[in-house]
Amino acid sequence: MKTVVITGATRGLGRALATEFARREYRVFGTTRKAGDARDLEADFGPPHRFHAVDSTDPAGLAKLAEEVGSFGPIDLVIANAGVINTRKPAWVIPRDVWELNLGVNLQGMINTIQAFLPAMIEADHGTFVGMSSGWGRAPSRGLGPYCASKFAVEGLIGCLVLDLAEAGSAVTAVALDPGGGVNTDMLADCLPEEHGGFRSAEDWVPGAVRYIETALVRDRVQGSQEVPESAHDGGPE
Ligand SMILES: NC(=O)c1ccc[n+]([C@@H]2O[C@H](COP(=O)([O-])OP(=O)(O)OC[C@H]3O[C@@H](n4cnc5c(N)ncnc54)[C@H](OP(=O)(O)O)[C@@H]3O)[C@@H](O)[C@H]2O)c1
């Protein structure tokens, strides 16, 4: 049985990914921020899946989780998905705590996830690390300074990670993944309040996204800045 770790698994893309990977007979380890959500998800998913309340801003919590996951054998896939976005406002009026939250979860949280899981993956010489990026990590958008700054940084971080892994001669691969085209989650509703209903749902997005992750990223070992292509949603044979 393959193992996937997904941070931020309570809702949106993370929840959809957890559901789809469980359907494909992966053992899912998901994170939440609240213990109650972790208990609810464990009850919904049942064994062998596990959900832990580990905030992505907590490096010690992630390290403990990595130890537990590693006790089940080599880790196949880590998806650093947990993320937040800011309410659109000009950069010069956005309060410091909003900058800190976006950089803390989206960037430092990703660094924490890399530092928790990569050492064992490198030791096993196996696995794929996917950092959830965004189109707004490659092009700016009005009023989204904190979010864009954090996701642009994720792109640079994962680009360096790819080079570091190559230099170390490791078989582990790393990807900054743009989910592609927008998916109608709570996050999209926050930043596109008028338009989010016109985008595909997480349930419609996830079969194509997981097919793409399994084929292009895991099997074909494509690395660096990538995007779930529209063609992934064409619904070809499994
Ligand atoms: N939706 C899109 O179109 C889109 C486009 C580009 C990129 N993305 C990226 O895809 C990822 C998922 O986005 P989404 O649309 O699914 O967002 P979402 O619906 O708002 O869900 C965000 C998830 O992250 C969790 N989370 C937030 N802060 C956390 C923390 N400190 N520690 C652990 N978990 C935390 C949330 O948990 P709680 O329920 O506890 O808050 C929730 O499970 C994000 O990285 C986002 O930037 C999404």
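Residues numbered from 1 in each chain as written. Predicted model: local features only at pLDDT ≥ 70, side-chain atom pairs only at ≥ 80, totals over all residues.

## Thoughts on the site of the ligand
Around the ligand lies a shell of 29 residues, among which Gly8, Gly12, Ala82, Gly83 and Thr185 are the nearest. Going through the elements one at a time, α1 (12-23), β2 (26-32), α4 (96-124) and α6 (186-191) are the ones with two or more residues in the shell around the ligand. The residue inventory of the shell around the ligand, partitioned by class, reads nine nonpolar, 15 polar and five charged. (Near = placed C-beta within 6 Å. Helix = DSSP H or I, 4+ residues; strand = E, 2+ residues; numbered from the N terminus. Nonpolar A, V, L, I, M, F, W, Y, C, P; charged D, E, K, R; others polar.)

## Some words on α1
Between its terminal C-alpha atoms α1 stretches 17 Å, which fits the 16 Å expected from 12 residues at 1.5 Å a residue. Of all the 12 residues making up α1, nine are buried; the element is thus mostly covered by neighbouring parts of the structure. Residues Gly12, Leu13, Gly14, Arg15, Ala16, Leu17, Ala18, Glu20 and Phe21 constitute the buried set of α1. Turning to α1, the residues buried within the fold contact β1 (2-6), β2, β4 (77-80), β7 (183-184), α6 and α7 (202-219). One or two steps after α1, the chain reaches Glu25, where phi turns positive at roughly 65°. (Expected span 1.5 Å × (residues − 1). Buried ≥ 20, exposed ≤ 12 C-beta atoms within 10 Å, placed from the backbone. Contact = placed C-beta atoms within 7 Å.)

## Focus on the sheet that holds β1
Ordered in space as β3-β2-β1-β4-β5-β6-β9, the seven strands form an open sheet in which the pairing is parallel. A single partner strand is all that each edge strand has here, and the edge strands are β3 (50-53) and β9 (224-227). Here the strands of the sheet are splayed against their neighbours by 20° on average, with no regard to which way each runs. Its contacts with the sheet place helix α5 (residues 145-167) against β5 (128-132), β6 (173-178) and β9, and it is angled at close to 160° to β6. (Pairing = 2+ DSSP bridges. Axes fitted to C-alpha atoms, helices over the stretch in contact; angles between N-to-C directions.)

All quantities given are derived from atomic positions and should not be read as evidence of function.
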